[in-house]
Amino acid sequence: MNGGANEKVAAYVNNGDDSLTENGINLINAEAMHKDIYTEGPGDRQNENYAKTRSKYGDAVYETSSGNGIGEEAWYHARTRMPYTDFPFFSRGGQNSYGGIFAFLVDNGSSFYSDGFRVVIPVL
């Protein structure tokens, strides 16, 4: 699973940026059980947003990372970029140089030729 496309996931920092409604209105309007919403830190900077939400369990940000949410601080030196300002959406995985399945990156929600997504069907 290492390498390949950056995968858009249903997670974002709810910071009020225009890209949330311009590029992610369907996600914003989705039921809460279908998405992960993070609260912005005091200055909406990467390290502040990470500090505010790093104790949230179950989404692999807490489980696979350490440090401040900026750098190569996930397992196996995968890149970590906590969403902030005009990049409020999460992206996961990506090229093997980013660290593959343990990496989480920022995204503005717009389409890009190398991005992808994965359909997940939860068992309830």
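On a predicted model such as this, the values are computed, not experimentally measured, just so you know. (Residues numbered from 1 in each chain as written. Predicted model: local features only at pLDDT ≥ 70, side-chain atom pairs only at ≥ 80, totals over all residues. Heavy atoms only, no water.)

### As for the pattern of salt bridges
(1) Moving on: Under the counting rule described, the total for this entry stands at two salt bridges.
(2) Moving on: Across the pair K8 and D107 runs a salt bridge whose closest N-O atoms are separated by 2.9 Å. Pair noted here: K8 is in strand β1 (residues 6-14) and D107 is in strand β6 (residues 104-107), with a separation of 99 residues, a long-range link.
(3) Moving on: Ionic pairing is found between E48 and R45, a salt bridge with its closest N-O pair at 2.8 Å. (Salt bridge = Lys/Arg side-chain N within 4 Å of Asp/Glu carboxyl O. Helix = DSSP H or I, 4+ residues; strand = E, 2+ residues; numbered from the N terminus.)

### Quick word on helix α2 (residues 46-53)
Since one α-helical turn is 3.6 residues long, residues separated by three or four positions face the same way.
(1) Moving on: Of all the residues in α2, the buried ones are Q46, E48, N49, Y50 and T53.
(2) Moving on: Buried residues in α2 make contact with β1, β2 (36-39), α3 (61-64), β3 (70-71), β4 (80-81) and β6. (Buried < 20%, exposed > 50% of the residue type's maximum accessible area, 1.4 Å probe, protein only. Contact = heavy atoms within 4.5 Å.)

### Considerations on the side chain of Q46
(1) Moving on: Along the chain, Q46 falls in helix α2.
(2) Moving on: Ignoring anything within four residues of it in the chain, the contact list for Q46 reads N68, I70, R81, M82, Y84 and V106.

### Side note on unusual backbone geometry
(1) Moving on: Unlike most non-glycine residues, D44 shows phi in positive territory, near 55°.
(2) Moving on: The residue D44 is located in the loop between β2 and α2 in this model.
(3) Moving on: Despite not being glycine, T85 has its phi angle at roughly 30°, a positive value.
(4) Moving on: Take T85: it is sitting in the loop between β4 and β5 (89-93).

Structural measurements only, silent on function.
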